[in-house]
Amino acid sequence: MAIKLENIGIAVRDIEAAIAFFTDLGLSVVGRDEVSGEWASTAVGLDGNHAKIAMLRTPDGQGRLELFEYLHPDAIETTPTLPNEIGMHRVAFSVDDLDAALEIAARHGCRPLRGVANYENIYKLTYVRGPSGIIVMLAQDLTKS
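Computed from a predicted model, the values in this text were never measured in an experiment.

Draft legend 1. Highlighting the sheet that holds strand β3 (residues 50-57). Across the sheet, which stays open at both edges, the four strands sit in the order β1-β4-β3-β2 with mixed pairing between neighbours. Taken across any chain shown, the strands that pair with only one partner, and hence form the sheet edges, are β1 (8-11) and β2 (28-36). Across this sheet, the average inter-strand angle for adjacent strands is 20°, counted without regard to direction. Where β3 and strand β4 (residues 64-72) come together, eight bridges link them in antiparallel fashion. Residue pairing for β4: Ala51 is matched across the bridge by Tyr70.

Draft legend 2. View of the packing of aromatic side chains. Applying the stated criterion across every chain yields a total of three aromatic pairs. Taking 5.0 Å as the distance between ring centres and 80° as the angle between the ring planes, the aromatic pair formed by Phe21 and Phe22 counts as edge-to-face. Considered together, Phe21 and Phe22 belong to a single accessibility category, that of buried residues. Ring geometry for Phe22 and Phe93: centres 6.1 Å apart, planes at 55°, overall tilted. One end of the pair, Phe22, is in helix α1 (residues 15-24); the other, Phe93, is in strand β5 (residues 90-94), and 71 residues separate them in sequence. By relative accessible area, Phe93 is classed as buried at 13%. These aromatic residues form a ring-pair network of at least three members: Phe21, Phe22 and Phe93.

Draft legend 3. Inspection of the sheet that holds β5 at higher detail. Taking strand neighbours across the sheet as the criterion, the four strands line up as β5-β8-β7-β6 in an open arrangement whose pairing is mixed. Edge positions in the sheet fall to β5 and β6 (117-119), since each of these pairs with one other strand and no more. Pairwise comparison of adjacent strand axes, ignoring direction, gives a mean angle of 25° for this sheet. For β5 and strand β8 (residues 135-141), the ladder comprises five bridges, and the chain directions are parallel. Of the residues in β8, the one forming a bridge with Ala92 is Met137. Sheet strands touched by helix α3 (residues 98-107): β7 (123-129) and β8. Its angle to β7, the strand with the most contacts, is close to 10°.

Draft legend 4. Highlighting the side chain of Thr126. Tracing the chain through its elements places Thr126 in strand β7. Polar side-chain contacts of Thr126 include one of 2.6 Å to the backbone oxygen of Gly115. The contact partners of Thr126, leaving out residues within four places of it in the chain, are Leu98, Leu102, Pro112, Gly115, Val116, Val136, Met137 and Leu138.

Rules and cut-offs
- Residues numbered from 1 in each chain as written.
- Predicted model: local features only at pLDDT ≥ 70, side-chain atom pairs only at ≥ 80, totals over all residues.
- Heavy atoms only, no water.
- Pairing = 2+ DSSP bridges.
- Helix = DSSP H or I, 4+ residues; strand = E, 2+ residues; numbered from the N terminus.
- Axes fitted to C-alpha atoms, helices over the stretch in contact; angles between N-to-C directions.
- Phe/Tyr/Trp six-rings, centres within 6.5 Å; stacked < 30°, edge-to-face > 60°.
- Buried < 20%, exposed > 50% of the residue type's maximum accessible area, 1.4 Å probe, protein only.
- Contact = heavy atoms within 4.5 Å.
- Polar contact = N/O pair within 3.5 Å; in protein donor to acceptor, adjacent residues only side chain to side chain.

Purely geometric stuff here, so don't read any function into it on its own.
Given below as structure tokens:
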């Protein structure tokens, strides 16, 4: 059986703010829609599912991120995920210039959780708290510099 990762889906409280953050980092919007109806309720497993969605793509064309803002049922606010919690907790991106990426993140009010780390002079990396509390890992491959 062949398998391919299609996208990572993330529920957000403000889809416009999330799109602005990720497009500023370099992703591009490849589609937007509003979904509802029986098919959407069946696929997602929520009665009356109704959401705004946006599909974003990384510049290399390989990675896709689907953002969705629930209109119905109401979105459930949770405490922001911590890096050591069980379950999906972050989305990771390679960047050519971590300092530039952090400047972009800061314009959106997003800062490193603790600081910037150097992993054995191979990667410079950090986790930032993105829109809607999403943990976003940014990593620069120092071997390519």
